[in-house]
Amino acid sequence: MNPIYNFTGKVALVTGASAGIGLATAKAFAQAGASVVLADVNEVQLLHETQNLLAAGHQATALVCDVADEVQVASMVERAVAIYGRLDMAFNNAGIAGHSGSFTDETADSFDHLNAINLRGVWACMKHELAQMVTQGSGAIVNCSSLGGLVGQSGRATYHATKHGVIGLTKSAGVEYAARGIRVNAVCPGVIDTPMFTDLLERSPEAMEGVRRDQPIERLGLPEEIAAAVLWLCSPAASFVVAAALPVDGGFTAH
């Protein structure tokens, strides 16, 4: 059973919130009493899921945002603060799988597109979230890296490079802002049962099945299990956890 957190009066922002890990985390924040800002590029699905939270009696707002565009990111944070008055927690989760296959077959456009979302997008979100949290003197940020931020894998070089980069951003910002009352950490999910994994399985079935088999726990992770780790990292229970990259991967990176 997951711990029960009381985030009443707190405001949480989740990017990539229309499905998968992001949606599970947005729901978990809402169930813990937080006012939640759900952000995503998929407007139709985003509005649908936000409406479901509102219908369940939670405080929730949908903001359409492409994290690859810093202007949109800045607007997202500004609007969140305008609506709720503050920003206490942020889960920078938006990302894509990108190219899967031979290193030499990837185009520069593909490389740039993946970096724009997975790495620069996290940088832009952190930049504007941190600026707001500094004015408050408090806050917690969790960035979504991956087991791909801790290991390498054939056919996934650029994706893994972006996720290694997310950990670099996390560690540096975590050290820089800890004394200002802001904790920055990362979560590193293993193979999770999400639409992204389903897509990868269809495109690279042998490689993805191998990754799944290599999980000592012998099953896929659930989005809710990543959400539980994110909420813990944002909670007072993790008050001494700073600049960490937490594997939540069924033991994959331990062997």
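Structure report, in brief. Quick caveat: nothing in here was measured; it's all calculated off a predicted structure. (Residues numbered from 1 in each chain as written. Predicted model: local features only at pLDDT ≥ 70, side-chain atom pairs only at ≥ 80, totals over all residues. Heavy atoms only, no water.)

The angle between the axes and the distance between the axes are what describe a pair of packed helices. At a minimum axis separation of 9 Å, helix α3 (residues 70-84) and helix α5 (residues 120-136) run at an interaxial angle of 35°. For the pair α3 and α5, the crossing hand works out as right-handed. On the side of α3, the interface is formed by E70, V73, A74, M76, V77 and V81, while α5 contributes W123, A124, C125, K127, H128, E129 and Q132. (Axes fitted to C-alpha atoms, helices over the stretch in contact; angles between N-to-C directions. Helix = DSSP H or I, 4+ residues; strand = E, 2+ residues; numbered from the N terminus. Left-handed = near helix turned anticlockwise from the far one by under 90°. Contact = heavy atoms within 4.5 Å.)

Our focus in this paragraph is the pairing of strand β1 (residues 11-15). Burial within β1 is extensive, with five of its five residues counted as buried. Every second residue of β1 is oriented toward a common face, with V11, L13 and T15 on one face and A12 and V14 on the other, all of them buried. The pairing of β1 with strand β2 (residues 35-40) spans five bridges and is parallel. Considered in β2, the bridge of V14 is made with L38. In this region the chain leaves β1, passes through helix α1 (residues 20-31) and returns to the parallel neighbour β2; the handedness of that crossover is right-handed. Strand direction decides the pairing type here: β1 and strand β4 (residues 89-92), joined by three bridges, are parallel. (Buried < 20%, exposed > 50% of the residue type's maximum accessible area, 1.4 Å probe, protein only. Pairing = 2+ DSSP bridges. Right-handed = clockwise from strand over helix to strand, strands pointing away.)

Let us now look at the packing of aromatic side chains. Evaluation of the coordinates by the stated rule reveals two aromatic pairs. Look at Y5 and F7: their rings are 5.8 Å apart centre to centre, the planes differ by 15°, and that puts the pair in the stacked class. Here Y5 matches F7 in class, with each residue buried. When the ring of F7 is compared with that of F29, the centres are 5.9 Å apart and the planes differ by 50°; the resulting orientation is tilted. Separated by 22 residues along the polypeptide, F7 in the segment before β1 and F29 in helix α1 bring together distant segments of the chain. One exposure class covers both F7 and F29, and it is buried. Members of the aromatic cluster, joined through ring pairs, are Y5, F7 and F29. When the ring centre of Y159 is taken as origin, the NZ or CZ atom of R156, which lies over that ring, is 4.6 Å away. (Phe/Tyr/Trp six-rings, centres within 6.5 Å; stacked < 30°, edge-to-face > 60°. Lys NZ or Arg CZ within 6 Å of the ring centre and 35° of its normal.)

It is worth spelling out the state of the cysteines at this point. Disulfides are covalent bonds that connect the sulfur atoms of two cysteines. Going through the model one piece at a time under the given rule, you end up with zero disulfides. Not part of a disulfide, C144 finds its nearest cysteine sulfur in C188, a span of 8.1 Å. Relative accessible area serves as the criterion here: at 7%, C144 is assigned to the buried category. Take C234: it sits in no disulfide, and the sulfur closest to it among the cysteines is that of C144, at 12 Å. (Disulfide = S-S within 2.5 Å.)

A separate point is the nonpolar core. In this structure, F7, F29, V36, L38, F91, V187 and V230 are the most contacted members of the largest nonpolar core, which totals 34 residues. Sorting the residues of this core by element identifies β1, α1, β2, α2 (43-55), β4, β5 (139-144) and α9 (223-234) as the ones contributing at least two each. For this core, the element with the highest residue contribution is α9, accounting for seven residues. Leave out the neighbours within four places in its chain, and V230 touches T25, F29, F91, V142 and V187. Ranked by size, the runner-up nonpolar core spans 31 residues in total, among them V67, V73, C125 and L130. (Core = buried A, V, L, I, M, F, W, Y, C linked by side-chain atoms within 4.5 Å.)

Attention shifts here to the packing of α5 against helix α6 (residues 157-177). It is the contact of α5 with α6, at a shortest axis distance of 11 Å, that shows an interaxial angle of 15°. Relative to α6, the element α5 lies roughly parallel. Pair α5 / α6 crosses with right-handed handedness. When α5 is examined against α6, the residues V122, W123, M126, L130 and V134 are found in contact with a partner set consisting of V166, L169, A173 and Y177. (Parallel < 35°, antiparallel > 145°, perpendicular 65-115°, else oblique.)

With 12 residues, α9 ought to run about 16 Å at 1.5 Å a step, and its terminal C-alpha atoms sit 17 Å apart, in line with that. Taken together, the buried positions of α9 are P223, I226, A227, A229, V230, L231, L233 and C234. Among the structural elements, α1, β4, β5, β6 (182-189) and β7 (245-248) are those in contact with the buried residues of α9. (Expected span 1.5 Å × (residues − 1).)

Right, let's get into the environment of Q215. In this fold, Q215 is placed in the loop between α8 (205-213) and α9. What makes Q215 buried here is its relative accessible area of 2%. Leave out the neighbours within four places in its chain, and Q215 touches G190, V191, L220, G221, D249, G250 and F252.

Time to look at the sheet that holds β7. Two modes of strand pairing occur in sheets, parallel and antiparallel, and in both the strands are linked by backbone hydrogen bonds. Strand order in this open sheet of seven strands is β3-β2-β1-β4-β5-β6-β7, and the pairing throughout is parallel. The open sheet has two free edges, formed respectively by β3 (60-64) and β7, since each of these has just one partner strand. On average, each strand axis in the sheet is tilted by 20° relative to the strand beside it, whichever way the strands run. With six bridges connecting them, β5 and β6 associate as parallel partners.

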